[in-house]
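Here's the letter readout for the chains.
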Amino acid sequence: MSNPFSHEPNPFADPAVTVHTDSADQEGYNDVLPATGNAWGQGGGGAWSAPPVIQETPERDPPSSDVSAEQKVRAAREAELKRRETDLVQRERQLNQRAGSMKLQNNWPPFRPILYHDIDAEIPDVLRLTVKWGYWSYLLFVATVVYNFVAISLSLVEDPDVLAWVFAAIYLVTGIPGAWVLWYGRLYNAAKNDRAFTFMCFFIGYLAHIAFCILAAIAIPKLGESKSFCGLIRTLEIFKKATWIGVLFLIGFAGWVANAVISIYVWQQVMRDFRGRGGPTQLRNQTEAAAGRVAMNAAVHQATRA
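Residues numbered from 1 in each chain as written. Predicted model: local features only at pLDDT ≥ 70, side-chain atom pairs only at ≥ 80, totals over all residues. Heavy atoms only, no water.

## Focus on the pattern of salt bridges
1) Next: For the coordinates displayed, the defined rule picks out 10 salt bridges.
2) Next: Two residues, Glu70 and Arg74, come together in a salt bridge whose shortest N-O distance is 3.3 Å. On the criterion of helical spacing, the pair formed by Glu70 and Arg74 is a turn pair, its members being 4 residues apart in helix α3 (residues 64-101).
3) Next: Assessed through its relative accessible area of 48%, Glu70 is described here as partly exposed.
4) Next: Arg74 gets classed as partly exposed once you look at its relative accessible area, which sits at 49%.
5) Next: Arg83 is paired through a salt bridge with Glu80; the nearest N and O atoms lie 2.5 Å apart. Taken as a pair, Arg83 and Glu80 lie in helix α3 at a separation of 3 residues, close to a single helical turn.
6) Next: Salt bridges linked by common partners bring Asp159, Arg234, Glu237 and Lys241 together as one network. (Salt bridge = Lys/Arg side-chain N within 4 Å of Asp/Glu carboxyl O. Helix = DSSP H or I, 4+ residues; strand = E, 2+ residues; numbered from the N terminus. Buried < 20%, exposed > 50% of the residue type's maximum accessible area, 1.4 Å probe, protein only.)

Spelled out as structure tokens, the structure:
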């Protein structure tokens, strides 16, 4: 059966309708309707245009002239950094070479330097005052020995005793360097290098120094050559012969007493610092290590002989 409406005209094809479908009112529908087909999803009616595709504009590379300028700046910075690094390395090398070639100049004694001595530069802060007390004790001993020799030399006028003068000269010549080697140098090196064994060597030498000062202050007759000291007993004897010589000996006696008192004080200070820094434990460790080295050397020697 044929469709009775097949020959009827399409009402939507009427120009009055198509005008409105192509108007601006239809623009809002173009955003939601598919790009193909009409308002009914099929052919017929006005065709809808697809929404415009927004294309992102690609970033343009900077001009080649700007790139080359930036590269030049970067290269210049790198060259400057390398130059500075090279200068620093060369300067450090020069300083190391200068420090290695530089030797400590002798500065003691001031009138004829034969060794380097600087408490402030070489001794740690915690031991610096103690070492200074030891140094002052050494200087007092030097002054007392020199004064003792002068007083004994002057006493020859009233009481000529050549043997006493000879012993006083021996004490002068051997006492000054001997005190440095036996106890003050030990104290200086022990404080500088923090070595317990060197501290023990100082204690032994300083104990002998204290005993020497006490004997010199008393000057016991018939105990060695007591007349070579400005001791108490010798001072009382010389007062009977010449008062002015007795005054000189009295000053020397005060010097020996001061040496004994200050030396005992320095001993106490050094012992306090030695114990406070763990000296006995360090000494025991060093002794055990030394004994181990000796035993190892003996074993190696026996093995090589076998």
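## Some words on the packing of aromatic side chains
1) Next: According to the stated counting rule, one finds 25 aromatic pairs in the structure shown.
2) Next: Taken together, a centroid distance of 5.6 Å and an interplanar angle of 45° make the contact between Phe149 and Trp165 tilted. Separated by 16 residues along the polypeptide, Phe149 in helix α5 (residues 125-155) and Trp165 in helix α6 (residues 162-193) bring together distant segments of the chain.
3) Next: Their ring planes at 75° and their centres at 5.6 Å tell us that Tyr171 and Phe212 sit as a pair that is edge-to-face. Of the two residues, Tyr171 is situated in helix α6 and Phe212 in helix α7 (residues 196-218); the sequence distance between them amounts to 41 residues. (Phe/Tyr/Trp six-rings, centres within 6.5 Å; stacked < 30°, edge-to-face > 60°.)

## Remarks on the nonpolar core
1) Next: Judged by nonpolar contacts, the single largest core of 47 residues is most densely connected at Val131, Tyr138, Tyr184, Phe199 and Trp256.
2) Next: For this core, the secondary-structure elements that each account for two or more residues are α5, α6, α7 and α9 (243-276).
3) Next: Apart from the residues within four sequence positions on either side, Trp256 is in contact with Phe141, Thr144, Val145, Asn148, Phe212, Cys213, Ala216, Ala217, Phe229 and Cys230. (Core = buried A, V, L, I, M, F, W, Y, C linked by side-chain atoms within 4.5 Å. Contact = heavy atoms within 4.5 Å.)

## Section: the side chain of Ser263
1) Next: Tracing the backbone through its elements, the reader meets Ser263 in helix α9.
2) Next: For Ser263, a relative accessible area of 0% gives the class buried.
3) Next: For Ser263, the side chain forms a polar contact with the side chain of His209, separated by 3.0 Å.
4) Next: Residues within four places of Ser263 in sequence aside, it is in contact with Ser137, Tyr206, His209 and Ile210. (Polar contact = N/O pair within 3.5 Å; in protein donor to acceptor, adjacent residues only side chain to side chain.)

## Some words on a nonpolar patch on the surface
1) Next: Residues Val146, Val150, Leu154, Val157 and Trp244 make up a contiguous nonpolar surface patch of roughly 430 Å² in combined accessible area.
2) Next: The biggest single contributor to the nonpolar patch is α5, with 3 residues.
3) Next: The residue Val146 is located in helix α5 in this model. (Patch = residues over 30% accessible without salt bridge, like charges linked within 9 Å, V, L, I, M, F, W, Y side chains within 5 Å. Areas by Shrake-Rupley, 256 points an atom, 1.4 Å probe, with all protein chains shown as cover.)

## Describing the packing of α6 against α7
1) Next: Following both chains from N to C, one finds α6 and α7 inclined at 145°, their axes separated by 8 Å at the closest point. Where α6 crosses over α7, the two elements pack in a sense that is left-handed. In contact with Tyr171, Leu182, Trp183, Arg186, Leu187, Asn189, Ala190 and Ala191 of α6, α7 contributes Thr198, Phe199, Cys201, Phe202, Gly205, Tyr206, His209 and Phe212.
2) Next: Split by residue class, the contact of α6 with α7 holds 11 nonpolar, 4 polar and 1 charged. (Axes fitted to C-alpha atoms, helices over the stretch in contact; angles between N-to-C directions. Left-handed = near helix turned anticlockwise from the far one by under 90°. Nonpolar A, V, L, I, M, F, W, Y, C, P; charged D, E, K, R; others polar.)

## A word on the confidence of the model for the protein chain
1) Next: Put simply, the protein chain has an average pLDDT of 79, and 67% of its residues get 70 or more.
2) Next: The model gives residues 24-46 a pLDDT under 50, and that stretch makes 22 contacts with residues more than four places away or in other chains. (pLDDT = per-residue confidence, 0-100.)

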